[in-house]
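For reference, the chains in residue letters:
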Amino acid sequence: MTAREDWWYDEAAGPLVRPYAMVRGRTRPNAPDLHLVTQVRASSFASDQTSLTVEHREIMALCARPLSVAEVAAYLDVPLVVVKVLLSDLIERGDVLVQNSSPQIPDRDLLQAVLDGVRGI
């Protein structure tokens, strides 16, 4: 990159675009049931993507296969709340579908067995 092209990027800090700029100042998603483990995937009948931002398009590409909300945030390397706001935009448009919106809490006995197994290693 030339000096004129990389003014927006700092080696130590990364991109200098603030997360609130990606979501136009919104801090709460319109879809309140998006949990870390909620599975999302792109709809096979997605609408016209020309009006979407770059971040929305990246999410659409990532969600060609089902991913959790946490995975989308990790792949994009942006805060979770930003991904939730962007995903809620896509859900409202019908471009992204939600699968298993309520997290299932494992049985306490199962968790204890896993913990005991890890301690035994």
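Residues numbered from 1 in each chain as written. Predicted model: local features only at pLDDT ≥ 70, side-chain atom pairs only at ≥ 80, totals over all residues. Heavy atoms only, no water.

Looking at an unreviewed UniProt entry, one finds the protein chain named DUF742 domain-containing protein and attributed to Lentzea alba.

1. Focus on the overall build of the protein chain
What the protein chain contains, in helices and strands, is five helices and five strands. If you list the helices and strands of the protein chain from N to C, you get β-β-α-β-α-β-α-α-β-α. For the protein chain, with 121 residues in total, the buried portion stands at 26%. A sequence separation of at least 24 residues applies to 70% of the contacts in the protein chain between residues at least 6 apart. (Helix = DSSP H or I, 4+ residues; strand = E, 2+ residues; numbered from the N terminus. Buried < 20%, exposed > 50% of the residue type's maximum accessible area, 1.4 Å probe, protein only. Contact = heavy atoms within 4.5 Å.)

2. Topic: the pattern of salt bridges
Taken as a whole, this structure holds one salt bridge when the rule is applied. The shortest N-O distance in the salt bridge between Arg-93 and Asp-95 comes to 2.7 Å. Among the residues examined, Asp-95 registers a relative accessible area of 0% and is labelled buried. (Salt bridge = Lys/Arg side-chain N within 4 Å of Asp/Glu carboxyl O.)

3. Thoughts on the packing of helix H2 (residues 54–62) against helix H3 (residues 69–76)
As a packed pair, H2 and H3 sit with axes 11 Å apart at the nearest point and diverge in direction by 120 degrees. As the angle between them shows, H2 and H3 are arranged oblique. Once H2 is placed against H3, the crossing between them reads as right-handed. Here Glu-58, Ile-59 and Leu-62 of H2 lie close against H3, whose contacting residues are Val-72, Tyr-75 and Leu-76. Tallied by class, the residues present in the contact of H2 with H3 amount to five nonpolar, no polar and one charged. (Axes fitted to C-alpha atoms, helices over the stretch in contact; angles between N-to-C directions. Parallel < 35°, antiparallel > 145°, perpendicular 65-115°, else oblique. Left-handed = near helix turned anticlockwise from the far one by under 90°. Nonpolar A, V, L, I, M, F, W, Y, C, P; charged D, E, K, R; others polar.)

4. Points about the sheet that holds strand E5 (residues 96–99)
Sheet architecture is open: three strands sit in the order E4-E3-E5, paired in antiparallel fashion. Of all strands in the sheet, those bounded by a partner on one side alone are strand E4 (67–68) and E5. Where strand E3 (residues 39–42) meets E4, two bridges bridge the pair, whose relative direction is antiparallel. The partner of Val-40 across the bridge, within E4, is Leu-67. (Pairing = 2+ DSSP bridges.)

5. Considerations on a nonpolar patch on the surface
Together, Leu-110, Val-114, Val-118 and Ile-121 make up a nonpolar patch on the protein surface, roughly 440 Å² of accessible area in all. Note on placement: Leu-110 falls in helix H5 (residues 108–119). (Patch = residues over 30% accessible without salt bridge, like charges linked within 9 Å, V, L, I, M, F, W, Y side chains within 5 Å. Areas by Shrake-Rupley, 256 points an atom, 1.4 Å probe, with all protein chains shown as cover.)

6. As for the environment of Val-98
Along the chain, Val-98 turns up in strand E5. Among the residues examined, Val-98 registers a relative accessible area of 36% and is labelled partly exposed. Between the C-alpha atoms of Val-98 and Pro-66, which are 32 residues apart in sequence, the distance is 9.2 Å. With sequence-adjacent residues up to four places away left out, Val-98 is seen in contact with Leu-34, Thr-38, Gln-39, Val-40 and Ile-91.

7. A word on the side chain of Asp-89
Mapped onto the elements of the fold, Asp-89 is located in helix H4 (residues 80–93). Exposure remark for Asp-89: the relative accessible area of 11% places this residue in the buried category. A distance of 3.0 Å separates a polar atom in the side chain of Asp-89 from a polar atom in the side chain of His-56. (Polar contact = N/O pair within 3.5 Å; in protein donor to acceptor, adjacent residues only side chain to side chain.)

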